[in-house]
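Structure assessment
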Amino acid sequence: MANAIEAEGLTKRFGDHTVVDHISLDVAEGEIVGFLGPNGSGKTTTIRMLTGLLTPDEGSGRCLGYDIVRESDRIKLNIGYMTQRFSFYEDLTIRENLDFVARLYGLTPRREHVDRTLDELGLSGRNDQLAGTLSGGWKQRLALAASVMHGPKLLLLDEPTAGVDPKARREFWDQIHHLAADGLTVLVSTHYMDEAERCHRIVYISYGTVVARGTAEEVIAGSGLSTFVVRGKQTATLADRIRTLDGVEQVAPFGAELHVVGSDPARLQASLDALAATNGITISRGETSLEDVFIRLMSEHGDDRR
Ligand SMILES: Nc1ncnc2c1ncn2[C@@H]1O[C@H](COP(=O)(O)OP(=O)(O)OP(=O)(O)O)[C@@H](O)[C@H]1O
């Protein structure tokens, strides 16, 4: 399978601040890759370099086969970019908004492109509704339609489901997977764990360098973290005490349970067993989540330089 994105050693500095520091990235055609990392870690800057919107200070790459420095015009024509703050004409209908986008891209026959897009993205039933009266989920669907109508080969999504309810999020991701199955490559920046888990692969960056990458399972396994679940009557009041125990690195409440995470399972278990002997709590082995891993990566690599 060909790669939609291939980049080597991408680096960008703003003044004396190195925002992206020798990032290398390969994304296969039809792959959905999640781009994660704390605020200000360099995700948007990397995406802008990959799409030819920003020139790297060092490094090189190809996006959809085009050189990111010399052929940026060709790249821009072949990508769709859905930013968090998508904008429409609120007093135009869904159809009129898409018609406007079709004009911008010079798509012909225009009506056919608009009809096909309305149909494929399930907007036909509402094509005469004013964009300004749509709910968050429908607005997002319209934004996706507007980003893919010109048939891009690469779709960039910048925190696409912020403020959208779970059903709309799920429908949105179903559509993303359908589009990817037809060959569209998707690079999505997100802070949401459920979105990260829906990606084929994740790349986690911190201060402009890649600190973890792989499938969700690989990233979790690679973290070397173990998780225990603590159940009992007054777990909330025990949380602060557990945080001070030997081998404990994270404690997070989930309903009536506590998830306790550490990198040495034997030490962790010994500490929790000692506590269980006097506190009437039960301890069992749990699954380490992607969130546990990201919290760890954030503290390991520091998140206070933002
Ligand atoms: N044009 C610019 N001039 C100077 N500094 C910039 C510029 N663009 C971005 N930066 C800085 O580069 C750093 C990385 O920003 P970037 O937007 O790439 O991060 P991000 O990972 O996308 O963050 P977020 O999750 O908040 O969207 C930030 O410290 C930001 O202030």
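Quick caveat, the model's predicted, so the values are computed rather than measured.

The helix and strand tally for the protein chain stands at 11 helices and 14 strands. Dimensions of the protein chain, computed from the C-alpha atoms along their principal axes, are close to 75 × 45 × 35 Å. Counting across all 306 residues of the protein chain, residues that qualify as buried make up 35%. Partitioning the intrachain contacts of the protein chain with sequence separation of at least 6 by distance along the chain shows that 67% fall at a separation of at least 24.

Another point: the sheet that holds strand E4 (residues 58-63). Spatially, 4 strands are ordered E2-E1-E4-E5 in an open sheet, and the strand pairing comes out antiparallel. What marks the edges here is a single partner per strand, and that holds for strand E2 (17-28) and strand E5 (66-67). Relative to E5, E4 runs antiparallel, the two sharing 2 bridges. Paired with Cys63 across the two strands is Tyr66, which belongs to E5. Across the sheet, helix H1 (residues 43-50) is in contact with strand E1 (3-14), E2 and E4; its angle to E1 comes to roughly 120°.

A few words now on the site of the ligand. Surrounding the ligand, one finds Phe14, Val19, Gly37, Asn39, Gly40, Ser41, Gly42, Lys43, Thr44 and Thr45. Counting residues per element, the shell around the ligand draws most heavily on H1, which supplies 3 residues. When its residues are assigned to classes, the shell around the ligand shows 2 nonpolar, 7 polar and 1 charged.

Another point: the environment of Leu130. Structurally, Leu130 is set in the loop between helix H4 (110-120) and helix H5 (136-148). Discounting chain neighbours no more than four positions away, the residues touching Leu130 are Glu90, Asp91 and Thr93.

This paragraph deals with the pairing of strand E9 (residues 201-206). With 5 of 6 residues buried, E9 is to be regarded as a mostly interior element. Both strand E3 (residues 32-36) and E9 contribute to a ladder of 4 bridges, which runs parallel. Within E9, the residue paired with Phe35 across the bridge is Val203. As defined by bridge partners, E9 adjoins strand E10 (residues 209-214) across 5 bridges and the pair is classed as antiparallel. Each residue of the ladder has a partner; that of Ile205, found in E10, is Val210. Hairpin connection of E9 to E10: 2 residues between the antiparallel strands, including Tyr207 at a positive phi of 45°.

Summarising burial for E3: 5 of the 5 residues are buried, a large majority. Of the two faces of E3, the one holding Ile32, Gly34 and Leu36 and the one holding Val33 and Phe35 are both buried throughout. Strand direction decides the pairing type here: E3 and strand E8 (residues 185-189), joined by 4 bridges, are parallel. Bridge pairing links Gly34 to Val188 in E8.

What follows covers the packing of helix H3 (residues 94-104) against H5. Viewed as axis vectors pointing N to C, H3 and H5 meet at an angle of 25°, and their least axial separation amounts to 9 Å. Taken together, H3 and H5 sit at an angle that is classed as roughly parallel. Seen along the crossing, H3 lies across H5 with a hand that is right-handed. Across from Ile94, Asn97, Leu98 and Val101 in H3, the residues of H5 making contact are Leu142, Ala145 and Ala146. Looking at side-chain class alone, the contact of H3 with H5 contains 6 nonpolar, 1 polar and no charged residues.

To continue, consider the nonpolar core. Of all hydrophobic cores here, the largest spans 69 residues; its most connected members are Leu98, Leu142, Ala145, Val186, Leu187, Tyr204 and Val260. With 5 residues, the single largest contributor to this core is H5. Shared between two domains, this core takes at least three residues from each, and those domains are domain 1 (3-220) and domain 2 (226-287). With sequence-adjacent residues up to four places away left out, Leu187 is seen in contact with Val27, Val33, Phe35, Ile47 and Leu156.

Here we come to the environment of Tyr204. For Tyr204, the location among the structural elements is in strand E9. On a C-alpha basis, the gap between Tyr204 and Gly214 in space is 9.2 Å, while along the polypeptide they are 10 residues apart. Apart from the residues within four sequence positions on either side, Tyr204 is in contact with Leu36, Gly37, Val211, Ala212, Arg213, Phe294 and Leu297.

Each value, and the rule that gives it
- Residues numbered from 1 in each chain as written.
- Predicted model: local features only at pLDDT ≥ 70, side-chain atom pairs only at ≥ 80, totals over all residues.
- Helix = DSSP H or I, 4+ residues; strand = E, 2+ residues; numbered from the N terminus.
- Buried ≥ 20, exposed ≤ 12 C-beta atoms within 10 Å, placed from the backbone.
- Contact = placed C-beta atoms within 7 Å.
- Pairing = 2+ DSSP bridges.
- Axes fitted to C-alpha atoms, helices over the stretch in contact; angles between N-to-C directions.
- Near = placed C-beta within 6 Å.
- Nonpolar A, V, L, I, M, F, W, Y, C, P; charged D, E, K, R; others polar.
- Parallel < 35°, antiparallel > 145°, perpendicular 65-115°, else oblique.
- Left-handed = near helix turned anticlockwise from the far one by under 90°.
- Core = buried A, V, L, I, M, F, W, Y, C linked by C-beta atoms within 7 Å.
- Domains from an automatic or database assignment.

Shape descriptors only; they carry no functional weight alone.
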